[in-house]
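Working through the structure, step by step
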Amino acid sequence: MKIIFAEQLVKCRKEKRLSQEELASQLFISRQAISKWETGEAEPDLGKIEAAAKVLDVPVEVLLFGGDASQSESGFKKKIKGLLEEDEADKDWHENHRWREWQYKPINNGWEFLARYYWVIFGFIGMLVWALART
């Protein structure tokens, strides 16, 4: 892949309607540095590239390699987004596991408390054994 940072920086900056001066002030650098980046006379370090991408609201890949910002999601991001969306299998799972609703209902008596928090008993027994062993 060819790195086309200079052209993409100009394109993205103009799409955001920022002047070189405005972009430079947001990146805490001089306008001349932006001008050198855009003409290809100099190249920024990775930290400045990431900061420029953040200011221009585009992924770093778009700034370095080109492409459309809306279609620039990496395969990993697409997979994560697909996993987080609820589909028919998720709806079916939730419908079939309604029996778990009892866990969220209010506790009315001690037996219900013990049914939900039986593991607390182990902690109390452990504390008692420890306390008795120390005396």
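Here's what I pulled together on the structure shown here.

Conventions used here
- Residues numbered from 1 in each chain as written.
- Predicted model: local features only at pLDDT ≥ 70, side-chain atom pairs only at ≥ 80, totals over all residues.
- Heavy atoms only, no water.
- Helix = DSSP H or I, 4+ residues; strand = E, 2+ residues; numbered from the N terminus.
- Contact = heavy atoms within 4.5 Å.
- Salt bridge = Lys/Arg side-chain N within 4 Å of Asp/Glu carboxyl O.
- Buried < 20%, exposed > 50% of the residue type's maximum accessible area, 1.4 Å probe, protein only.
- Core = buried A, V, L, I, M, F, W, Y, C linked by side-chain atoms within 4.5 Å.

1. Things to note about the overall build of the chain
A tally of helices and strands in the chain yields 9 helices and 0 strands. Going from the N terminus to the C terminus, the chain shows its helices and strands as α-α-α-α-α-α-α-α-α. Intrachain contacts of the chain at a sequence separation of at least 6 include 45% that bridge at least 24 residues.

2. Description of the pattern of salt bridges
In the structure shown here, the tally under the stated rule is 2 salt bridges. As a salt-bridge pair, Glu38 and Arg13 come within 2.5 Å of each other at their nearest N and O atoms. Of this pair, Glu38 sits in helix H3 (residues 31-39) while Arg13 sits in helix H1 (residues 5-15); the two residues are 25 residues apart in sequence, bridging distant segments of the chain. When its relative accessible area of 14% is taken as the criterion, Glu38 is described as buried. Residue classification places Arg13 among the buried residues on the basis of a relative accessible area of 9%.

3. Re the nonpolar core
Of all hydrophobic cores here, the largest spans 17 residues; its most connected members are Phe5, Leu9, Leu23, Leu56 and Leu63. The greatest single-element share of this core, amounting to 4 residues, is contributed by helix H4 (residues 46-56). Excluding residues that lie within four positions of it along the chain, Phe5 makes contacts with Trp37, Pro44, Ile49, Leu63 and Leu64.

4. Concerning unusual backbone geometry
Glycine aside, residues mostly have negative phi angles, and peptide bonds mostly take the trans form. The phi dihedral of Phe28 falls on the positive side, at around 60°, and the residue is not glycine. Along the chain, Phe28 falls in the loop between helix H2 (20-27) and H3.

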